[in-house]
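Chain residues, written in single-letter form:
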Amino acid sequence: MRRRVSLLAAACAVSLTACAAPVATAAAVPPVATAASETAATYQPGVARTEAATGQGGVAATGSVATGQPEVARPGTAATATATPAATSTAPPAEIPDTPLGDALRWVLDASTRAPVGESELRTRIAPEFLAAVPAEQFDAVLTAYPDLSLRAVSVAHAAALVAGVESGGKRFLLELSVDGAGLINGMRLAEAPAPQPAPKSWKELERRLRAVAPQAGFVAARVDGRACRTVRGVAADVRRPLGSMFKLYVLGTVAGQIEKGAYGWDTELTITADVKSLPTGQLQDRPDGSRVTVLEAARLMISISDNTATDLLIRKAGREAVERTMRSWTKGHDRRNTPLLTTRELFVLKGARYPELAERYLSMNTRDRRDYLAKVVAKVPLSDIRPWTHPRELDTIEWFASPEDVCRAHAALSGLGDERVDEIMSANDAGLGLPPDRWRSVWFKGGSEPGVYDMGFRARTTDGRTYAVTLMGVSPDAPFDDGKTGQEFLALARGAFALAARG
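Note that the coordinates shown come from a computational prediction; the quantities given were computed from them, not determined experimentally.

## Observations concerning the nonpolar core
Argument step 1. Ranked by size, the top nonpolar core spans 65 residues in total, and within it Leu243, Leu252, Trp266, Leu314, Leu350 and Leu414 carry the most contacts.
Argument step 2. Filtering out sequence-adjacent residues up to four positions away, Leu252 remains in contact with Trp266, Ala299, Met302, Ile303, Leu414, Val422, Ile425 and Met426.
Argument step 3. Core analysis: the second largest hydrophobic core is formed by 35 residues, Ala127, Phe130, Phe173 and Met188 among them.

## Side note on the packing of helix H6 (residues 248-260) against helix H9 (residues 320-330)
Argument step 1. Closest axis-to-axis distance for the H6/H9 pair is 9 Å, and the angle between their directions is 105°. Judged by the inter-axis angle, H6 sits roughly perpendicular to H9. Residues Leu249, Tyr250, Val251, Gly253, Thr254 and Gln258 of H6 form the contact with H9, whose own contacting residues are Ala322, Val323, Thr326, Met327 and Trp330.
Argument step 2. For the contact of H6 with H9, a count of residues per class yields seven nonpolar, four polar and no charged.

## As for the pairing of strand S7 (residues 185-192)
Argument step 1. Counting buried positions over the eight residues of S7 gives seven, a clear majority of the element.
Argument step 2. Pairing geometry for strand S6 (residues 171-179) and S7, over seven bridges, is antiparallel. Considered in S7, the bridge of Leu174 is made with Ala191.
Argument step 3. What sits between S6 and S7 in their antiparallel hairpin is a turn of five residues, with Gly183 showing a positive phi close to 85°.

## Overview of the packing of aromatic side chains
Any two aromatic rings considered together are summarised by their centre-to-centre distance and by the angle between their planes.
Argument step 1. Overall, the coordinates contain 13 aromatic pairs when judged by the stated rule.
Argument step 2. Measuring from ring centre to ring centre gives 6.2 Å for Phe130 and Phe139, while their planes differ by 80°; the resulting arrangement is edge-to-face. Side by side, Phe130 and Phe139 carry an identical accessibility label, which is buried.
Argument step 3. Between the NZ or CZ atom of Arg337 and the centre of the ring of Phe401, over which it lies, the distance is 3.7 Å.
Argument step 4. Residue placement shows Arg370 over the ring face of Tyr362; its charged tip is 4.7 Å from the ring centre.

## Side note on the state of the cysteines
Argument step 1. Across all of its chains, the model carries one disulfide by this definition.
Argument step 2. Between Cys229 and Cys408 runs a disulfide, and the two sulfur atoms are separated by 2.1 Å. Measuring the twist about the S-S bond at about -100°, one finds the Cys229-Cys408 disulfide to be left-handed. Note that Cys229 is positioned in strand S9 (residues 228-235) and Cys408 in helix H13 (residues 404-416), a separation of 179 residues in sequence.
Argument step 3. Note on Cys229: relative accessible area 23%, which makes it partly exposed.
Argument step 4. Residue Cys408 is classed as buried on the basis of its relative accessible area, which comes to 0%.

## Examining the pattern of salt bridges
Argument step 1. Enumeration according to the criterion identifies 28 salt bridges in this entry.
Argument step 2. For Arg223, the salt bridge identified is with Asp225, shortest N-O distance 3.6 Å.
Argument step 3. With a relative accessible area of 28%, Arg223 lands in the partly exposed category.
Argument step 4. Asp225 sits in the partly exposed class, given a relative accessible area of 30%.
Argument step 5. One salt-bridge network, in which partners are shared between bridges, spans Asp110, Arg114 and Glu121.

## Quick word on helix H10 (residues 344-352)
Argument step 1. The element H10 is largely enclosed, with a buried count of nine among its nine residues.
Argument step 2. In the core, the buried residues of H10 are packed alongside H6, helix H8 (308-318), H9, helix H11 (357-363), helix H12 (367-376) and strand S14 (440-450).
Argument step 3. A positive phi of about 50° marks Arg354, the residue just after H10.

## Brief notes about the pairing of strand S16 (residues 467-475)
Argument step 1. Of all nine residues that make up S16, nine are buried, and the element is covered over most of its length.
Argument step 2. Where burial is concerned, the two faces of S16 agree: the one with Thr467, Ala469, Thr471, Met473 and Val475 and the one with Tyr468, Val470, Leu472 and Gly474 are both buried.
Argument step 3. Bridge analysis of strand S8 (residues 216-225) against S16 gives eight bridges, and the strand direction is antiparallel. Bridge pairing links Gly218 to Met473 in S16.
Argument step 4. Taken together, the nine bridges between strand S15 (residues 453-462) and S16 define a ladder with antiparallel strand orientation. For Met456, the partnering residue across the bridge sits in S16 and is Leu472.
Argument step 5. Following S15, the chain reverses through four residues before pairing antiparallel with S16; Gly465 in that reversal takes a positive phi of roughly 100°.

Conventions we followed
Residues numbered from 1 in each chain as written. Predicted model: local features only at pLDDT ≥ 70, side-chain atom pairs only at ≥ 80, totals over all residues. Heavy atoms only, no water. Core = buried A, V, L, I, M, F, W, Y, C linked by side-chain atoms within 4.5 Å. Buried < 20%, exposed > 50% of the residue type's maximum accessible area, 1.4 Å probe, protein only. Contact = heavy atoms within 4.5 Å. Axes fitted to C-alpha atoms, helices over the stretch in contact; angles between N-to-C directions. Helix = DSSP H or I, 4+ residues; strand = E, 2+ residues; numbered from the N terminus. Parallel < 35°, antiparallel > 145°, perpendicular 65-115°, else oblique. Nonpolar A, V, L, I, M, F, W, Y, C, P; charged D, E, K, R; others polar. Pairing = 2+ DSSP bridges. Phe/Tyr/Trp six-rings, centres within 6.5 Å; stacked < 30°, edge-to-face > 60°. Lys NZ or Arg CZ within 6 Å of the ring centre and 35° of its normal. Disulfide = S-S within 2.5 Å. Salt bridge = Lys/Arg side-chain N within 4 Å of Asp/Glu carboxyl O.

Structure follows, in structure tokens:
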């Protein structure tokens, strides 16, 4: 749930983002050109980053909260929190999707062989707001600095964003690319691909590495029996920490539960209005006011690419207090910080608009007055007033909170609904976890991130019918995480945890 616009042409990371309204970024990329900056994740229009997003081996994308997990999606699905590593030279040729996004990727690859291409050509390929934020000469400088890009793998793709493994000068990179409704590029980031990490061979090794990667860490590996989670191994497994976009599990659970009771259906249509639009990650914020989307499409986008506007649409449909009841029911003990439950837009405003004025005023109130304040003050703040933040902010006060064990219970409760649509939604994006398919199937993922928060939660079934859940939560109160390194390590730890838990 964040937004970033930066360009670093001469170093190992290049990030280009068209920004109309800024958000926070969790990535530590030195900005050279900045127009504005996934609450919990990075803002790049349409690009899913690791939950963290936010998000999420590969580079995990977690859904920025608003995330945002960056999450990651497989080709043909929606995604934002993770990118898988570039393929090796022995891999079969990568297939570029036959979509406007695929056309944009082909153009970038071709342009890198003949840069600089010039402003007139760029204007036919780049969204106007993007060129306003990142002038043509800067874009050309990036193409020149990374000549002759060759495609190794398209590891994340959906209607508006992808992450591809590319190579230039003998080095491997991850290229994140997004397009608007007209097929024009409105987000691009080129970053050196982090090396995949080996899975831990023992619980002691896992715990040591977890504590090394996150100043404050929580973890659980559990066997899921029905709606119960039976802990196999844990570290501070009952300590509540910020969820980032993982709170969207509870939104999905509320919606699915209401559908089960006949309140409405997956095909019920929702109307996108200006007052419900949030900041990226996502796609729905770019659709015209008055556009309609089904509950099913919104739910898919909310989980697979951590779409924040989709999330807020579903909260509006289900009811804020209904989601609060789900959180109380699915967590062990009520956390007052989850009431009132914030929408992603409200979190962006409280952390990014006139900070710390609005946040301090909100935190000084009781629950009833906070509800009134959100409706009468926060709701009136335009998205254009939000300013980027890159360092941890109000992590213990303005967020959504649950423990690793609580997240396991959420996965178990969603499983217990027995709704095929829920399974379809949750399994659209496995964040590049890479569990051996001969031993594992039906992998679910949802992550979450914002500056100083990095979370990943999985549920997977073995081929012989056993179900396990693994959740990792990291908090860095003084500095943001390095998304790439943290994502790689969290994915490795999760893979190891599933193997160790199933071994018994």
